[in-house]
Structures are given as C-alpha cells and as structure tokens.
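Fold and contact review
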Amino acid sequence: MYAIVRAGGRQEKVAVDDVLTVDKLAGDVGSTITLQPLLVVDGDDVVSRTADLAGYEVTAEILGAVKGPKINIMHYRNKTGYKRRMGHRQPYTEVKITGIKTGKK
C-alpha cells in the first residue's frame, strides 16, 4: 500500500517506514503530524475521489531539521566595480511515515 500526499507544495509518493524531506514544518522532534492524501493505492484498489479520501489518513513522525545544499549567488555589474557574493541553504524537515489508515469500515 502506498499513497500520494501533499507535503510542502509538492506531491510525494510514500509508503509506511519511508523517510522523506519536506519544507520546514512547525513541530518538535518526535511529534506526530497528519499529511493530506491525494491518492491511495492498495493492491488493485485506487482511491482518488475526495469523498472517499476523507476516510484515509497518513501519519508521520518528525525526525528533525536538516538543511538543503548550499546555493551560491553572485551579483556582478560590468565596469562599475560592483560585485556581491551571497549564499543560501533552505531549511527542511525530515519525517518518517508511520502509518496509512484505511477508510474501509
């Protein structure tokens, strides 16, 4: 069983025990969050209707904060002596998928 969830403005394919990196989330290490499922695949069953997805829930545990790769930015203007060097590292949160609860009664 796997699901497609919306996490940080992107869509990610997740299964139980997967570890993924998403945009920075508010929460402490070890706390549980709920991710919004957009599609759930269980064997041959594919659930994508919004009404049916209301019964599904994807839970994840926050593992900690990580940083993305360093991006170097250089501003330069010709013949004026102007140059500036900057850098940026995007903050991310690492989460581990703990469960996909089915909506079946």
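Structure shown above.
Residues numbered from 1 in each chain as written. Predicted model: local features only at pLDDT ≥ 70, side-chain atom pairs only at ≥ 80, totals over all residues. Heavy atoms only, no water.

Time to look at the nonpolar core. Counting 18 residues, the largest nonpolar core has Ala3, Val14, Leu35, Val58, Val95 and Ile97 as the members making the most contacts within it. Those elements that place two or more of their residues in this core are β1 (2-7), β3 (19-23), β4 (32-42), β6 (57-67) and β9 (91-101). Residue contacts for Ala3: discarding those within four places in its chain leaves Glu12, Lys13, Val14, Leu39, Val40, Val58 and Ile100. (Core = buried A, V, L, I, M, F, W, Y, C linked by side-chain atoms within 4.5 Å. Buried < 20%, exposed > 50% of the residue type's maximum accessible area, 1.4 Å probe, protein only. Helix = DSSP H or I, 4+ residues; strand = E, 2+ residues; numbered from the N terminus. Contact = heavy atoms within 4.5 Å.)

This part takes up the packing of aromatic side chains. Here the distance between the centres and the angle between the planes together describe a pair of aromatic rings. Under the counting rule described, the total for this entry stands at zero aromatic pairs. Looking at Arg77, its charged tip hangs above the ring of Tyr82, at a distance of 4.8 Å from the centre. (Phe/Tyr/Trp six-rings, centres within 6.5 Å; stacked < 30°, edge-to-face > 60°. Lys NZ or Arg CZ within 6 Å of the ring centre and 35° of its normal.)

Our focus in this paragraph is the side chain of Thr59. Mapped onto the elements of the fold, Thr59 is located in strand β6. On the basis of relative accessible area, Thr59 is assigned to the buried category, the value being 11%. The residues touching Thr59, leaving out its near neighbours within four places in the chain, are Thr32, Ile33, Lys96, Ile97, Thr98 and Gly99.

Glancing now at the pairing of β1. One ladder, built from five bridges, connects β1 with β4; its direction is antiparallel. Residue Tyr2 lies in a different strand from β4, and its bridge partner there is Val41. Strand direction decides the pairing type here: β1 and strand β2 (residues 10-14), joined by five bridges, are antiparallel. By the bridge assignment for β2, Arg6 is matched with Gln11. In sequence, β1 turns back onto β2 through a hairpin of two residues, with Gly8 there showing a positive phi of about 65°. (Pairing = 2+ DSSP bridges.)

Taken as a whole and assessed by the stated rule, the structure comprises four salt bridges. When the shortest N-O distance is used, the salt bridge between Asp23 and Arg10 registers 3.6 Å. With Asp23 in strand β3 and Arg10 in strand β2, this residue pair connects regions lying 13 residues apart in the sequence. For Asp23, a relative accessible area of 25% puts it in the partly exposed group. Overall, Arg10 belongs to the partly exposed group, its relative accessible area being 35%. Of the charged contacts, one joins Asp52 and Arg49 as a salt bridge, the two residues approaching to 3.6 Å between their closest N and O atoms. (Salt bridge = Lys/Arg side-chain N within 4 Å of Asp/Glu carboxyl O.)

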